[in-house]
Amino acid sequence: MAEPSYPAGAHDYASDAEELNRLEAAMDETPRGAVIVSAVAVGLLLFGWLFLYFFVFLPRGTVG
Amino acid sequence: MAINESAILKSELRWAMIVGGIVAIILIAILYAAIAMHVNPPSNREYVDPKTLHLSAEFTEANLGTRVDPDGHIVARVIATQFEFVPNCFVLPANRDVTIRLTSPDVIHGILVTGTNVNTMVVPGYVAQVHTMFTKTGDLLMPCHEFCGLGHSQMLATVRVVPPGQFHPGPDGRIACGDRR
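Report follows, based on the coordinates. (Residues numbered from 1 in each chain as written. Chains lettered and ligands numbered in written order. Predicted model: local features only at pLDDT ≥ 70, side-chain atom pairs only at ≥ 80, totals over all residues. Heavy atoms only, no water.)

1. Some points on the interface of chain A and chain B
- Taken together, the contacts link 20 residues of chain A with 24 residues of chain B.
- For the pair chain A and chain B, the two sides together bury roughly 2100 Å², of which 68% comes from carbon and sulfur.
- Scanning the region where chain A abuts chain B turns up zero salt bridges.
- Taken together, chain A and chain B are joined by seven residue pairs in polar contact (both at pLDDT 80 or more).
- Its residues placed into classes, the side of chain A that touches chain B shows 13 nonpolar, four polar and three charged. (Contact = heavy atoms within 4.5 Å. Buried area = accessible area lost by both parts, 1.4 Å probe. Salt bridge = Lys/Arg side-chain N within 4 Å of Asp/Glu carboxyl O. Polar contact = N/O pair within 3.5 Å; in protein donor to acceptor, adjacent residues only side chain to side chain. Nonpolar A, V, L, I, M, F, W, Y, C, P; charged D, E, K, R; others polar.)

So this is what it looks like as structure tokens:
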């Protein structure tokens, strides 16, 4: 994408606002994906822990 | 807009609740096993002089191996030393409460019995004690699992778990791997 050109010293506030809107729109969607990824990762960890605990550790018998 | 401070706070609180729930599930599982099924880390604080094990009442050579006490309690006593277990095979019955007591005269060793939760360190000066109940019969391998020197990898013992009907100790309450009764 070509860089917008404006005179030296001037600041393009309109472009800033547009950029901010685009950022907010992106951030509006991004956390949903992050939540799904973390939920799957944490769910797999919990499932793995429970599986090993109930199907490997406990069947190995009492100890103390 | 989803991304503002209150939305972030809300999602963090939601995650905190989920994580709190997961920790609670794990704690309940551990407490259930500890209280209802007696699955606990072996913990026994008992001292013994490692220099005079051979003179001690309990760990003299003649007293090692499996013995059924007069009260019916089955105890196997084993010495872990560089680089062998004495005795290197001992017999225990399946489906009965048994106790394994170990100590070391030299360096730190460790034992586990394959396929079971029996697992403890054997530290000179202390008696390691594990209560368990074996549910499967057969020869179970008991290796040293704490590096104890050059011969560590050769340091193995066998736990011979026999059906209760084949567990016949002699009149002195003793039973060894070589016994044929």
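We are not done yet, so read on.
2. Here's the deal with the pairing of strand 2 (residues 74–81) of chain B
All names here are of chain B.
- The element strand 2 is extensively covered by neighbouring structure, given that eight of its eight residues are classed as buried.
- Residues I74, A76, V78 and A80 of strand 2 are buried on one face, and the alternating residues V75, R77, I79 and T81, pointing to the opposite face, are buried as well.
- Judged from the four bridges that link them, strand 1 (residues 65–68) and strand 2 form a sheet pairing that is antiparallel. Across the sheet, the residue bridging to G65 is R77, located in strand 2. (Buried < 20%, exposed > 50% of the residue type's maximum accessible area, 1.4 Å probe, protein only. Helix = DSSP H or I, 4+ residues; strand = E, 2+ residues; numbered from the N terminus. Pairing = 2+ DSSP bridges.)

3. Some words on the packing of aromatic side chains
Residue and element names in this part refer to chain A.
- Per the stated rule, a full pass over the model turns up six aromatic pairs over all chains.
- Judged by centre distance (5.3 Å) and plane angle (85°), the rings of Y53 and F54 are edge-to-face.
- For Y53, a relative accessible area of 8% gives the class buried.
- Overall, F54 belongs to the partly exposed group, its relative accessible area being 38%.
- Of the aromatic side chains, those joined through ring pairs into one cluster are W49, Y53, F54 and F57. (Phe/Tyr/Trp six-rings, centres within 6.5 Å; stacked < 30°, edge-to-face > 60°.)

4. Digging into the nonpolar core
Residues and elements named next belong to chain B.
- Residues F85, F90, L92, V118, F134, M142 and V159 are the most contacted members of the largest nonpolar core, which totals 38 residues.
- Residue assignment for this core shows that the elements contributing at least two residues are helix 1 (5–36), strand 2, strand 4 (89–93), strand 5 (98–103), strand 9 (138–143) and strand 10 (156–162).
- In this structure, this core is formed jointly by two domains, domain 1 (1–41) and domain 2 (57–175), each of which donates at least three residues.
- The next biggest cluster of nonpolar side chains, apart from the first, holds six residues, and it includes L53, F59, L64 and I79. (Core = buried A, V, L, I, M, F, W, Y, C linked by side-chain atoms within 4.5 Å. Domains from an automatic or database assignment.)

5. Side note on the state of the cysteines
All names here are of chain B.
- In the structure shown here, the tally under the stated rule is one disulfide over all chains.
- Bridging C89 to C177, the disulfide has an S-S length of 1.8 Å. Here the disulfide of C89 and C177 is left-handed, its torsion about the S-S bond being about -80°. Residue C89 is located in strand 4, and its partner C177 is located in the segment after strand 11 (174–175); the two are separated by 88 residues in the primary sequence.
- Free cysteine C144: the closest other cysteine sulfur is in C148, separated by 3.9 Å.
- The exposure class of C148 is buried, given its relative accessible area of 6%. (Disulfide = S-S within 2.5 Å.)

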